[in-house]
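Each chain, written out:
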Amino acid sequence: MRRVLATAGHVDHGKSTLVRALTGRDPDRLAEERERGLTIELGFAWTHLGDGAKGVEVAFVDVPGHSRFIATMLSGIGPAPAVVLVVAADQGWQAQTSEHVEAVAALGIRDLLLVVTRSDLADPEPTRADALARLADRGWTDVPSVCVSATTGEGLDEVRAALADLARRLPDPDPGAPVRMWADRSFTIGGAGTVVTGTLGDGTIRGGDALTLLDPRSGAHEVTVRGLHSQDEQRDAVSGVARTAVNLRRVGTDAVGRGAVLLTPGAWALGRTVDVAVPSADLPEELTLHVGSADHQVAVRPLGPAHARVRTEVRLPWQVGDRLILRDPGSRRLWGARVVDVEPLPLRRRGAAAARGEALSSGDLRAVRLAEHRVQHVEDLDRLGLTGQPPAGREAGGGPGRVPGHDGLPGRDAVPRATEVRVDPFVVDPVAWAGWRREIRRLVDDLASRDPLSAGVPVAEAAGRLDVPETLVPELAAAESLTITAGRVHGEQAGLGPAEAGVAELERRLKDSPFAAPERQDLENLGLGAKQLAAAHRLGRILRLPDDVVLLPDGPARAMRELAALEQPFTLSQARQALGTTRRVAVPLLEHLDGRGWTRRVDGRLREVVR
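A brief report on the enclosed structure follows. Just so it is clear, the model here is predicted, and its values are computed rather than measured.

It is worth spelling out the sheet that holds strand β21 (residues 333-342) at this point. Taken together, six strands build a closed barrel; the order of strands is β16-β19-β18-β17-β20-β21 and the barrel is antiparallel. Along the sheet, successive strands turn relative to each other by an average axial angle of 40°, direction set aside. By the bridge criterion, three bridges tie strand β17 (residues 286-291) to strand β20 (residues 323-328) in an arrangement that is antiparallel. For L289, the partnering residue across the bridge sits in β20 and is L326. Against the sheet, helix α4 (residues 95-106) makes contact with β20 and β21, and its axis sits at roughly 15° relative to β21, the strand it touches most.

This is the structure in structure tokens:
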């Protein structure tokens with residue numbers, strides 16, 4: 001079992017010292033950090049807790065505690081599923097402690113371990129009691145806590161036991177989930193190329209995998225995994241949750257910055273705009289967005305009292321349910337938010353923003369998206385996480401253990417709704433479906449009333465008039481008991497109207513002389529032009545061959561009886577004489593029989609009946 005934990009707490013409260021004492025590794029990797037005794041960048045270290053196979057491998061993301069490095073702190077906490085909150089016994093709860101805890105709450109992280117450090121310098125119990133009370137006020141109750149002196153070693157065993165318990169109670173990640181690993185560091189190794197490190201939450205990365213690297217500066221790159229390391233060991237595959245170093249082919253380090261993200265190709269909805277649920281929509285118009293290891297300047301637009309629209313200038317990978325932080329660098333205020341839709345339609349009408357917020361407040365986010373877009377491809381809903389009830393652990397940071405609603409944000413209702421219409425591979429809003437059914441019926445009936453002999457509305461035209469995918473038209477037609485023939489939608493055709501008399505006379509003549517197809521002038525004298533003949537053909541009253549050669553529908557069968565009696569093979573002239581007809585009729589009739597496979601050519605002159 002592997003787990004990743006982030007540290008949090010005020011500067012100089014002993015986070016790095018504690019990690020060093022637990023792991024034997026120094027998380028401060030920069031010379032400046034060691035000289036100043038101050039964590040500036042994210043640090044990483046790991047250890048094994050417990051005995052043998054029952055133990056837990058725990059990796060620590062050590063975040064800076066100074067207020068100047070809050071953005072770096074958020075990039076470290078964002079992907080982690082649980083947090084170790086450090087408070088020094090000799091200094092107690094500080095302003096930066098509150099800021100870190102507010103960030104943890106905003107991200108919806110519920111699993112905490114309180115560690116009171118420097119117990120050799122002051123009685124830790126008052127600090128522990130005060131910290132637990134403050135956490136309880138913020139919604140955390142029954143938080144496990146331990147006291148320790150990393151300098152003397154007293155309490156380290158208790159810390160290790162508490163960390164192992166914390167790691168074991170975290171939900172198991174899904175190794176089969178799509179990969180979304182936010183990069184917190186990249187570098188080059190001679191002879192190996194570019195290496196990207198990050199916390200892999202769910203999913204599995206294997207050597208040779210093709211991934212998408214999405215960088216906010218340089219865009220999307222298709223990359224290949226050349227090699228993998230986790231906790232200083234080379235591996236063929238790494239599954240979350242794990243600190244992971246990925247050696248990539250076909251990319252330079254200048255294409256990878258903090259906030260870049262490795263993705264399973266095609267598995268995530270990429271967008272610049274998201275609608276989010278927030279505890280209060282009273283937000284500044286410009287804020288900093290923190291998600292995963294990324295931070296971006298965004299424009300914010302309220303959508304009623306509990307939702308807002310957030311737009312960034314770069315595409316980011318999202319799913320409904322992702323957690324993020326909006327922060328005002330000036331006032332240092334921050335707000336937790338949860339994604340409720342990705343790339344929503346523009347708000348164009350007066351009052352549209354308030355109406356949008358009201359719709360999102362319904363909680364049935366799948367239904368809201370269907371109502372807005374009317375029809376969605378199943379794969380698009382999968383990418384958004386709206387296939388069904390998304391797991392509580394699906395977070396933008398990639399780690400399990402988040403609880404929707406912890407910070408007052410509304411939770412998600414189970415989906416799909418029973419009333420939605422499924423037409424594979426699409427899911428359709430039921431209101432839109434009912435409207436389209438009425439409209440396709442109106443189109444067909446209007447055409448029939450204007451032109452009773454019409455063949456119907458072309459499928460492509462119906463799709464364009466309704467503004468739906470063409471593949472939906474057959475299902476809409478069937479729902480309205482309409483028929484599609486030769487690519488046209490039509491209803492029941494009751495008769496031929498004024499052409500009925502002419503067709504009846506034609507039928508009488510052909511019944512007596514089945515192959516005496518009338519000339520075009522004779523047809524016109526009967527009032528049968530191209531439109532009338534086409535309608536009679538659709539209704540099965542006649543068989544219409546090229547050049548307006550018209551026979552009864554059973555004409556081919558009658559011809560086969562005469563041709564089968566001939567000596568095989570036979571010529572066109574012999575066929576014409578046997579049928580008692582002209583060359584004008586015999587040529588298209590024989591070609592029709594060839595096309596049906598009833599006769600076949602032997603050579604340029606002769607045909608034979610297919611036995």
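Don't stop here, the text continues.
Attention shifts here to the side chain of H307. Positionally, H307 belongs in strand β19 (residues 307-318). On the basis of relative accessible area, H307 is assigned to the buried category, the value being 1%. Ignoring sequence-local partners within four residues, the contact set of H307 consists of V276, A277, V278, A281, P302, V340, G357, L360 and S361.

This structure, assessed with the given rule, holds 38 salt bridges. Between D130 and R134 there is a salt bridge, with its nearest N and O atoms 2.9 Å apart. One end of the pair, D130, and the other, R134, are both in helix α5 (residues 124-137), four residues apart, so they sit about a helical turn from each other. Of the charged contacts, one joins R356 and D275 as a salt bridge, the two residues approaching to 2.8 Å between their closest N and O atoms. Of this pair, R356 sits in helix α7 (residues 352-360) while D275 is found in strand β16 (residues 269-277), placing the two residues 81 residues apart along the sequence. Under the relative-accessibility criterion, R356 is labelled buried at 6%. Here the salt bridges share partners, and the residues they tie into one network are D275, R309, D341, R356, R369 and E372.

Definitions and cut-offs
- Each residue is numbered by its place in its chain's sequence as written, counting from 1.
- Given that the model is predicted, a residue must reach a pLDDT of at least 70 before its local features are reported, and side-chain atom pairs must reach 80 or more before they are shown or counted; all residues, however, enter totals for whole chains, interfaces and linings.
- No hydrogens and no water enter the side-chain calculation; it runs on all heavy atoms of the structure.
- Two strands qualify as a pair provided that DSSP identifies no fewer than 2 bridges between them.
- Only runs of H or I of at least four residues qualify as helices and only runs of E of at least two qualify as strands under DSSP, and these elements are numbered from the N terminus.
- To get an axis, a line is fitted to the C-alpha atoms, and for a helix only the part in contact is used. The angle between two axes follows their N-to-C directions and goes from 0 to 180 degrees.
- Pairs of residues are marked as contacts when any of their non-hydrogen atoms sit within 4.5 Å.
- Burial classification: accessible surface area is computed with a 1.4 Å probe over protein chains only, and a residue below 20% of its type maximum counts as buried, one above 50% as exposed, and the rest as partly exposed.
- Between Lys or Arg on one side and Asp or Glu on the other, a salt bridge is scored when a side-chain nitrogen of the former is within 4 Å of a carboxyl oxygen of the latter.

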